[in-house]
Amino acid sequence: MSTDFWIILIGTLVACSCSLVGCFLLLRKMSMMGDAISHAILPGIVIATLMMGSRNSLAIIIFASLFGLITVFLIQMFQQSGIQSDAAIGIVFTGLFAIGVILVSLFARQTGIDLDCVLFGEIAYAPWRRFSIAGIDLGPQALWTVGPVFLLSLACIGLFYKQFKICSFDPIMASLLGIPVLFFHYLLMALTSFTAVAAFESVGVILVVGMLIVPPATAYLLTEKLSKMILISMLIGTLSAIGGYYLAVFLNSSISACMVFISGILFALTFLFSPTHGTITKKWSIRG
Amino acid sequence: MWLQLIQDPNLRWILLGSIFLGLSSGVIGCFTYLRKQSLLGDAVAHSTLPGVALAFMITGSRNLWGLLLGALGTSLLATFLISYVTRKSRIKQDASLGIILSVFFSLGLMLLTIIQHSSRGNQSGLDKFLFGQAASMVRSDVNTIVIVSIFLLFICAVFFKELKLLCFDFEFAKGLGLPVILLDHLIMLLMVIVVVTGIQIVGVILMVALLITPATAARYWTDKLHVMVIISASFGVISGAIGTLISANVRNLPTGPVVVLIAVCLFVFSLLFAPKRGLVVKLLLRKKLRFLQQNQLLQQELEMEAKHEY
């Protein structure tokens, strides 16, 4: 199959799995937490790569997700000790990201990760890094890291959809109903970490942050139902992946950056023209 | 060894630049922290990137004033868009921050890769703006940073009283007839300017840490604004200076992350050892209380026993 197809498929999978957790993050007003986690996993990725001596995906995902959870834990600890939540997020993620960047700069040769790939990822080369078992070629490796994580999030959220929903909209009612709110909070954070790590390797940090926030926010302006919001968000993510790829080919530019840019344009259009929440549509309906 | 380093005239200039940057970002960070706008700085810093790239594409040169003007333009646009999206739709501020941040930054990276793929792209050195490279500054760059920083500090000193009132009691300041909205915009403008001047040393991605971390660390030591400002400024200066020295001496090590790491170390030190609020003091206090409590219980028990025997 052609490389175009693989790149778009990987981009779409990343966009869909980010949308899935991103919708819940948005509703819980934790979008910046997603941003923080996707930056803070970098030292985990570098340390795991250095320890394993190769880019073993499973080890990286487990180790780096641990860093994601450490981030969440640290931020909560600082908030409880009286630091503003904004500042707590800012200190933790910039600190961890800085450690990651220093490690990347010092051990670039050993790990084969460079600073450009931290930001942009390697989605353009992803089709050539193959995954094979016993000599049978099973497609790009990125597909085998992003795909399972997507299925895992889908399974978790599908199984506990009701619980997640109540926890996001009314945490107090959820705890009155006997739902373990804290458990679902950490489950969501763990899923966010898994998604961020799996996507990070192939597409870099910008695409993860962008896809965690922009498509869910766009969908939020289009519907009032959570299930529809998730579906619309995935659809927008897919459109951004396809549009972004062809824009990048046309401009000879970074693929991940273009994908986020297209999702930004879709957001701007929705912001202006959404039938229920668009600013211009609202003005027209007042005049009419 | 360190003395020798400081005698290198070029490095001395660069050090001067980072010291002034640390000073002004430490001071302004206090105000943004107290106005609860810390993460806005992150969005502002990321959104300078398309401005820098656009300015380079238009002027074709790496003149710092041009790049800074471009950066100022896009970051002001981003600040406006964030507040516009938050006001006009049901999207909350943190999400609109994230949207503007990621979209502007991706636009910047798009332009950056286009520049790098073009013929003159390799000499542009624009990728140094991502993580900062203090050693790449020339003397005129340092002059610019020093002049802008002195200007910012001057403004802070002139409006100190008004800003203080705004930070601690918004409603009271409003009641006194202070132009609170204007002052709020002033804090935002100061923040945008300090971020823009800092991107060459610390880089667009981590610049926000130099606003947040020293100020938050300083908050541990005092309850007085002017003391907080002084402590935060000195933390900023220490991280800027040490970070620059280390990164100038290790090959391929960008300045930004080292500066941030030093700032985080100072933060952790404050977190542990600050008087009154530090964790160590709190733990000692708790132990002492428990000890006193136990003593009291023991005493009561003894008294009861004594009564019983009586």
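What you are looking at is a predicted structure, and each value in this text was computed from that prediction instead of being measured. (Residues numbered from 1 in each chain as written. Chains lettered and ligands numbered in written order. Predicted model: local features only at pLDDT ≥ 70, side-chain atom pairs only at ≥ 80, totals over all residues.)

1. Comments concerning the overall build of chain A
To keep it simple, the criterion reads: Under the DSSP-based scheme used, a helix requires at least four consecutive residues in state H or I and a strand at least two consecutive residues in state E, with every element numbered from the N terminus. Two things to know: the radius of gyration comes from C-alpha atoms, and the globule rule equals 2.2 Å times the number of residues to the power 0.38. Exposed residues have 12 or fewer other C-beta atoms within 10 Å of their own C-beta, buried residues have 20 or more, and residues in between are partly exposed; the C-beta atoms are placed from the backbone. Any pair of residues counts as being in contact when their C-beta atoms, constructed from backbone geometry, are within 7 Å of one another.
In terms of regular secondary structure, chain A is built from 14 helices and two strands. In terms of overall dimensions, chain A is globule-like: its C-alpha atoms have a radius of gyration of 19 Å, near the 19 Å expected for 288 residues. Dimensions along the principal axes, computed over C-alpha positions, put chain A at roughly 60 × 50 × 35 Å. Counting over 288 residues, chain A shows a buried share of 54%. Considering only contacts in chain A between residues 6 or more positions apart, those separated by 24 or more positions represent 70%.

2. A word on the overall build of chain B
When helices and strands are tallied, chain B shows 15 helices and zero strands. Principal axes of the C-alpha set define a box for chain B whose edges measure 100 × 55 × 35 Å. Looking at chain B as a whole, 50% of its 310 residues qualify as buried. Within chain B, residue pairs in contact and separated by at least 24 positions form 74% of the contacts whose partners lie at least 6 positions apart.

3. So, the packing of helix 9 (residues 160-168) of chain B against helix 11 (residues 180-198) of chain B
All names here are of chain B. Where we set the bar: Interaxial angles span 0 to 180 degrees and are taken between N-to-C directions of axes, which are lines fitted to C-alpha atoms, for helices over the stretch in contact. The labels follow the angle: roughly parallel below 35 degrees, roughly antiparallel above 145, roughly perpendicular from 65 to 115, and oblique for the rest. Here the nonpolar group is Ala, Val, Leu, Ile, Met, Phe, Trp, Tyr, Cys and Pro; Asp, Glu, Lys and Arg are the charged ones; every other residue, Gly included, is treated as polar.
Where helix 9 contacts helix 11, the axes come no closer than 10 Å and their chain directions differ by 100°. When the axes of helix 9 and helix 11 are compared, the pair comes out roughly perpendicular. In this structure, helix 9 contributes E162, L163 and L166 to the contact, and helix 11 contributes V180, L183, D184 and I187. Tallied by class, the residues present in the contact of helix 9 with helix 11 amount to five nonpolar, no polar and two charged.

4. Description of the interface of chain B and chain A
Counting residues at the interface gives 42 residues for chain B and 44 residues for chain A. Those elements that provide at least two residues to the side of chain B that touches chain A are helix 5 (64-88), helix 6 (93-117), helix 12 (207-219) and helix 14 (255-273) of chain B. When residues in the side of chain B that touches chain A are grouped by element, the largest group, 15 residues, is from helix 6 of chain B. In terms of residue class, the side of chain B that touches chain A is built from 26 nonpolar, 10 polar and six charged.

5. So, the environment of D4(A)
With respect to the secondary-structure elements, D4(A) resides in helix 1 (residues 3-27). On the basis of neighbour counts, which here come to 13 C-beta atoms within 10 Å, the residue D4(A) falls in the partly exposed class.

6. What about helix 9 (residues 161-169) of chain A?
Residues and elements named next belong to chain A. Let me state the cut-off plainly: Note: the arc covers the axis-to-C-beta directions of the helix.
Residues of helix 9 that are buried include every one of F164, C167 and S168, and no others. Taken end-on, helix 9 shows its buried residues confined to a sector of 95°, consistent with a single buried face. Opposite the buried face of helix 9, at more than 90 degrees from it, the exposed residues are K162 and F169. Each element contacted by the buried residues of helix 9 is listed here: helix 1, helix 8 (141-159), helix 10 (171-176) and helix 11 (181-220).

7. Some words on the packing of helix 12 (residues 226-251) of chain A against helix 13 (residues 255-273) of chain A
Residue and element names in this part refer to chain A. Quick note on the threshold: Helix crossings fall into two classes, left-handed where the near helix is turned counterclockwise from the far one by less than a right angle and right-handed where it is turned clockwise.
The geometry of helix 12 relative to helix 13 is characterised by a closest axis approach of 7 Å and an angle of 125° between their N-to-C directions. In this view, helix 12 runs oblique relative to helix 13, as classed from their interaxial angle. Relative to helix 13, helix 12 is oriented so that their crossing is right-handed. Taking contact as the criterion, the partners of I236, G237, L239, S240, A241, G243, G244, Y245, L247 and A248 in helix 12 are, on helix 13, I255, C258, M259, F261, I262, S263 and L266. Classifying every residue of the contact of helix 12 with helix 13 by side-chain character gives 12 nonpolar, five polar and no charged.

8. As for the environment of L210(B)
Residues and elements named next belong to chain B. For L210, the location among the structural elements is in helix 12. Along the chain, L210 and G66 lie 144 residues apart, while their C-alpha atoms are 23 Å from each other. Non-local contacts of L210, meaning those with residues more than four positions away in its chain, are made with G22, S25, G198, V202, G236, V259 and A263.

9. Notes on unusual backbone geometry
Residues and elements named next belong to chain B. One non-glycine residue, K36, lies in positive phi territory at about 60°. As for its position among the elements, K36 is in the loop between helix 2 (9-34) and helix 3 (40-46). Phi is positive for K276, which is not a glycine, with a value near 75°. As for its placement among the helices and strands, K276 is situated in the loop between helix 14 and helix 15 (279-309). Among the residues examined, K276 registers 11 C-beta atoms within 10 Å and is labelled exposed.

10. A closer look at the environment of I145(B)
Residues and elements named next belong to chain B. Secondary-structure assignment places I145 in helix 8 (residues 139-158). The class of I145 is buried, set by 25 C-beta atoms lying within 10 Å. Sequence-wise, I145 and I19 are 126 residues apart; in three dimensions their C-alpha atoms are separated by 9.9 Å. If near-sequence neighbours (up to four positions away) are discounted, I145 is found in contact with G17, F20, L21 and T197.

11. Considering the confidence of the model for chain B
Interpretation of this model should avoid reading the predicted coordinates in detail wherever pLDDT is low. Note the cut-off: Confidence of the prediction at every residue is given by pLDDT, a number between 0 and 100.
In this model, chain B carries a mean pLDDT of 88, and residues with pLDDT of at least 70 account for 95%. For this predicted complex, the interface score ipTM comes out at 0.91, alongside a pTM of 0.90.

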